[in-house]
Structure formats: C-alpha cells, structure tokens
Amino acid sequence: MADEVKKRVFSGVQPTGKVTLGNYLGAIRNWTPLQEQYDCLFCVVDLHSLTVAQVPAELRKNTLNLVALYIACGLDPDKSILFIQSHVHEHAELAWILDTVTYVGELNRMTQFKDKSRKHADNINMGLMNYPVLMASDILLYRTQYVPVGKDQVQHVELARDIAERFNSRYSDTFVVPECLLSRTGSSIKSLQEPTAKMSKSDPNDNAVISITDDADTVRRKLRRAVTDSDTDAHCVRRSEDKPGVSNLLNIYSLCADVSTDEAERLFEGKGYGYFKDAVADAVISVLQPIQDRQRILLEDKGYLETVLKRGAERASHIAQNTLAKVYRKVGLVPQIR
Ligand code: AQP
C-alpha cells in the first residue's frame with residue numbers, strides 16, 4: 001500500500017522576550033501532539049521580531065532560548081523540522097512577491113498593526129505593517145494545510161488565505177490555501193492585571209504576565225496579585241462574562257491541572273479567592289518546572305542545538321526552494337542558469 005502523504009503543519013513564535021504562559025497554552029503545547037499525525041515545521045520567527053525595536057544581543061539570546069524551549073516542551077527534532085526563520089532566506093524573498101498581490105488597505109485593517117502602532121507610536125515602520133505578508137510567506141512557502149495559532153493570529157491566517165487564493169487565480173494553482181487550528185480553551189489567555197486584554201510578552205507590566213521561566217515564588221506572587229473582582233460571595237469562583245479575571249484563572253487552572261472548567265468550578269465551590277489562587281499557582285508551577293529543568297540542560301549543550309538548527313534549516317530550505325522557484329516561474333522571472 002502506498003504511503004499516505006501527511007498533511008503539513010507550520011507555526012512559530014517570535015523571540016521578542018520571555019515566552020509567556022499564553023504562548024505556551026495557546027500555541028506551543030498544542031503543537032506537540034500534532035507531530036504524530038502531521039508533517040510539522042516549527043520555526044522561531046526572528047525576522048518578525050525586528051518589527052519592534054530589539055537589543056541585538058538579547059535577540060540572539062532569546063532566539064536560542066526559544067529553540068531550547070521548543071524542545072523542552074516536547075517538540076522532537078527527529079519528528080518535526082525545527083529551524084530559525086532567518087536561516088531560510090526564501091521567507092523574505094517570497095514575502096516580496098506576495099507584497100505585490102496584497103493591498104495596503106488590507107494591511108491597514110489588521111488589528112495587530114493598529115494595536116502595535118498605538119503601543120510603538122515612535123516606530124511605526126513598514127515591517128510592522130508588512131508583518132502579515134511575511135507571515136503569509138512563512139505559511140505558503142511550505143504548502144501548509146494547517147496553522148495552529150491562538151485567537152489573536154486568526155486574522156493573519158485569513159489574510160494568508162486571501163493572498164493564496166488571489167495569487168492562484170492570477171497565476172494558476174500554486175499555493176495550498178491554509179486553515180487555522182484553534183485549541184478550544186487555550187486560544188486566548190488573558191493578562192493577569194487587565195483580564196480583558198491578552199497576555200503578551202511585550203506587556204511592560206511584569207505582574208500581568210507569567211513567563212515560562214518564572215520561578216515558583218514569582219508565579220505564586222503574580223497569581224496572588226491577579227485582578228479578580230470585588231465579589232465577596234463565598235461561592236464566587238465561577239466563569240462569567242462579568243468576572244473576566246476569575247474566568248481567566250479558571251481557564252488557566254483547567255489547562256494546567258488537566259480538568260474541565262466545570263470540574264474546576266466544582267472543586268472551588270465555597271472556597272475563597274486566596275485558596276483558589278494558590279491552587280492555580282500549584283497547577284502552573286507543576287507544568288512549568290519540568291520544562292524549565294529540560295530547557296536549562298539543553299542550553300548547556302550548544303553543540304546539540306546547533307546540529308538541530310543546521311539540519312532543520314537544510315530540510316526547510318529544500319521545500320522552500322522548490323516553492324520559490326515555482327513562484328518565480330509563474331510570475332515571469334527568468335530562471336538563473338547554474
Ligand atoms: N495570550 C495568548 N493566549 C493564547 N495564545 C497566545 N499567543 C500569543 N499570546 C497568546 C499565541 O502564541 C503564538 C506566538 O505568538 P507570537 O510570538 O508570534 O506573537 P504574538 O501573538 O504577538 O504574541 P505576544 O506574546 O503578544 O508577543 P508580542 O508581545 O511580542 O507581540 C501565536 O500562535 C499566538 O496566537
């Protein structure tokens with residue numbers, strides 16, 4: 001029987017700072033099981049991170065930390081292609097071609113562009129606006145079927161679909177039109193201090209964010225300070241639209257303790273917020289500590305990480321070169337004689 005061709009999955013995280021519990025629960029954690037079923041590529045999207053100001057030495061460090069974190073979280077370089085975006089130059093080259101089939105109006109409408117323009121008003125650069133086109137390039141380059149992301153990135157995947165369909169109809173069938181894979185509960189982890197906004201690496205308020213590398217005391221302190229509400233009813237640990245802080249903590253608890261949110265509500269019935277927050281902290285710490293231990297060991301073995309990255313870039317480049325050559329031919333560029 002002929003081998004069934006596996007469907008392809010692509011995703012990535014920016015090395016923009018300390019990776020958050022939101023990045024982990026909304027993205028990285030959900031990638032691990034996909035490796036068994038799909039042909040997966042997981043990338044550290046360092047070119048994207050340049051859209052906001054970075055300190056070069058920190059960016060290098062964050063990039064390697066993130067590679068080690070991917071492996072510590074269970075991504076297996078023997079099952080998936082793990083690589084750094086800038087090691088495969090076709091990402092930037094395809095982005096240029098895709099720019100020519102993307103409209104300024106489309107990019108202007110992107111929520112992340114509007115948010116980041118507000119946050120970085122002194123640095124509204126073209127890269128910030130162009131971010132979704134580079135993301136479309138990341139995805140389309142590998143003929144990706146599924147893109148596992150958190151809710152905040154759905155708009156960008158939809159734009160990648162529009163770009164793929166537009167290119168295909170203008171130049172004939174070339175790209176696979178990708179779909180989002182959203183996890184049911186982890187897709188939007190909220191800030192601990194402003195629970196209607198998403199938890200974000202670049203949040204200047206450290207108390208709003210749990211980083212994957214936070215030690216146990218820090219996790220507990222941040223969760224104890226997390227915004228809940230003024231409800232003094234003893235039976236107040238329940239999900240509700242008017243309790244975004246408590247709902248967020250219940251969501252985090254259920255994901256980390258691996259119980260349903262209904263079960264979590266039952267567990268905390270009649271308990272006060274102090275007890276509840278400590279239990280959330282215990283659950284988060286029990287998830288983070290083994291990851292931190294594995295990441296530390298991996299970071300001590302630079303040779304191993306370099307081997308993984310070299311092999312990952314070679315395997316990714318092989319696919320990327322084929323796609324880019326096809327695209328160049330379709331748009332009418334003269335092939336280089338080698
Ligand atoms: N709070 C979140 N809840 C669930 N999923 C989330 N993701 C991010 N924040 C949450 C998902 O993590 C993946 C990688 O995100 P990214 O690094 O590419 O950029 P981002 O979405 O802009 O994440 P951050 O943490 O907010 O970074 P900064 O602050 O640098 O912009 C994506 O799948 C995303 O959905």
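Residues numbered from 1 in each chain as written. Predicted model: local features only at pLDDT ≥ 70, side-chain atom pairs only at ≥ 80, totals over all residues. Heavy atoms only, no water.

A. The layout of surface pockets, seen in detail. Volume-wise, the second largest pocket comes out at about 530 Å³. In this structure, the second largest pocket is lined by 22 residues; those nearest its centre are Thr16, Gly17, Lys18, Val19 and Asn62. With six residues, helix 4 (residues 56–72) is the single largest residue contributor to the lining of the second largest pocket. Of the residues contributing to the lining of the second largest pocket, the split by class is eight nonpolar, nine polar and five charged. (1 Å grid on protein atoms, 1.4 Å probe; cavity = no way out; pocket = protein on both sides within 12 Å on 5 of 7 lines; lining within 4 Å. Points joined across faces, edges and corners; volume = space filled by probe spheres on them. Helix = DSSP H or I, 4+ residues; strand = E, 2+ residues; numbered from the N terminus. Nonpolar A, V, L, I, M, F, W, Y, C, P; charged D, E, K, R; others polar.)

B. Representation of the domain arrangement of the protein chain in the model. Structurally, the protein chain comprises domain 1 (8–187 + 301–331) and domain 2 (206–296). Relative to domain 2, the C-alpha centre of domain 1 lies at a distance of 30 Å. Counting residues at the interface gives 14 residues for domain 1, matched by 15 residues for domain 2. For the pairing of domain 1 and domain 2, the buried interface totals around 1,300 Å² over both sides, and the portion due to carbon and sulfur atoms is 66%. Linking domain 1 to domain 2 there are zero salt bridges. (Domains from an automatic or database assignment. Contact = heavy atoms within 4.5 Å. Buried area = accessible area lost by both parts, 1.4 Å probe. Salt bridge = Lys/Arg side-chain N within 4 Å of Asp/Glu carboxyl O.)

C. Up close: unusual backbone geometry. Of note in the backbone geometry, Ser172 takes a positive phi value of approximately 85 degrees without being a glycine. In this structure, Ser172 sits in the loop between helix 9 (154–171) and strand 5 (179–181). One non-glycine residue with positive phi stands out, namely Asp258, at about 60 degrees. Tracing the backbone through its elements, the reader meets Asp258 in the loop between helix 11 (244–257) and helix 12 (261–267).

D. Fine view of the nonpolar core. Ile28, Tyr70, Leu223, Phe276 and Val284 are the most contacted members of the largest nonpolar core, which totals 63 residues. With twelve residues, helix 13 (residues 273–299) is the single largest residue contributor to this core. The two domains that each donate at least three residues to this core are domain 1 (8–187 + 301–331) and domain 2 (206–296). Those residues in contact with Phe276 that sit more than four places away from it in its chain are Val237, Val246, Leu249, Leu250 and Phe268. Ranked by size, the runner-up nonpolar core spans 39 residues in total, among them Leu94, Leu107, Val157 and Ala164. (Core = buried A, V, L, I, M, F, W, Y, C linked by side-chain atoms within 4.5 Å. Buried < 20%, exposed > 50% of the residue type's maximum accessible area, 1.4 Å probe, protein only.)

E. Broad picture of the environment of Asn23. Note on placement: Asn23 falls in helix 1 (residues 21–31). On the basis of relative accessibility, which here comes to 19%, the residue Asn23 falls in the buried class. When the C-alpha positions of Asn23 and Ala257 are compared, they lie 17 Å apart, and in sequence the two are 234 residues distant. Ignoring sequence-local partners within four residues, the contact set of Asn23 consists of Ile28 and Lys201.

F. Highlighting the packing of aromatic side chains. Enumeration according to the criterion identifies ten aromatic pairs in this entry. Aromatic pair Tyr38 and Tyr146: ring centres 5.5 Å apart, planes at 65 degrees, arrangement edge-to-face. Here the residue Tyr38 occupies a position in the loop between helix 2 (34–37) and strand 2 (39–44), and Tyr146 occupies one in strand 4 (residues 146–148), the gap between them amounting to 108 residues. An identical accessibility class is assigned to Tyr38 and Tyr146; each is buried. Plain terms: the ring middles of Phe167 and Phe175 are 5.0 Å apart, the flat faces sit at 55 degrees to each other, and that makes the pair tilted. Here a set of aromatic residues connected by ring pairs shows up, and it is made of Tyr253, Phe268, Tyr275 and Phe276. When the ring centre of Tyr275 is taken as origin, the NZ or CZ atom of Lys271, which lies over that ring, is 5.3 Å away. (Phe/Tyr/Trp six-rings, centres within 6.5 Å; stacked < 30°, edge-to-face > 60°. Lys NZ or Arg CZ within 6 Å of the ring centre and 35° of its normal.)

G. Inspection of the packing of helix 5 (residues 90–99) against helix 14 (residues 302–331) at higher detail. Close contact between helix 5 and helix 14 brings their axes to 10 Å; oriented N to C, the two are set at 25 degrees. The orientation of helix 5 with respect to helix 14, classified from their angle, is roughly parallel. Note that helix 5 runs across helix 14; the crossing there is left-handed. Contacts between helix 5 and helix 14 involve Glu90, Glu93, Leu94 and Ile97 from the former and Ala320, Gln321, Leu324, Val327, Tyr328 and Val331 from the latter. (Axes fitted to C-alpha atoms, helices over the stretch in contact; angles between N-to-C directions. Parallel < 35°, antiparallel > 145°, perpendicular 65-115°, else oblique. Left-handed = near helix turned anticlockwise from the far one by under 90°.)

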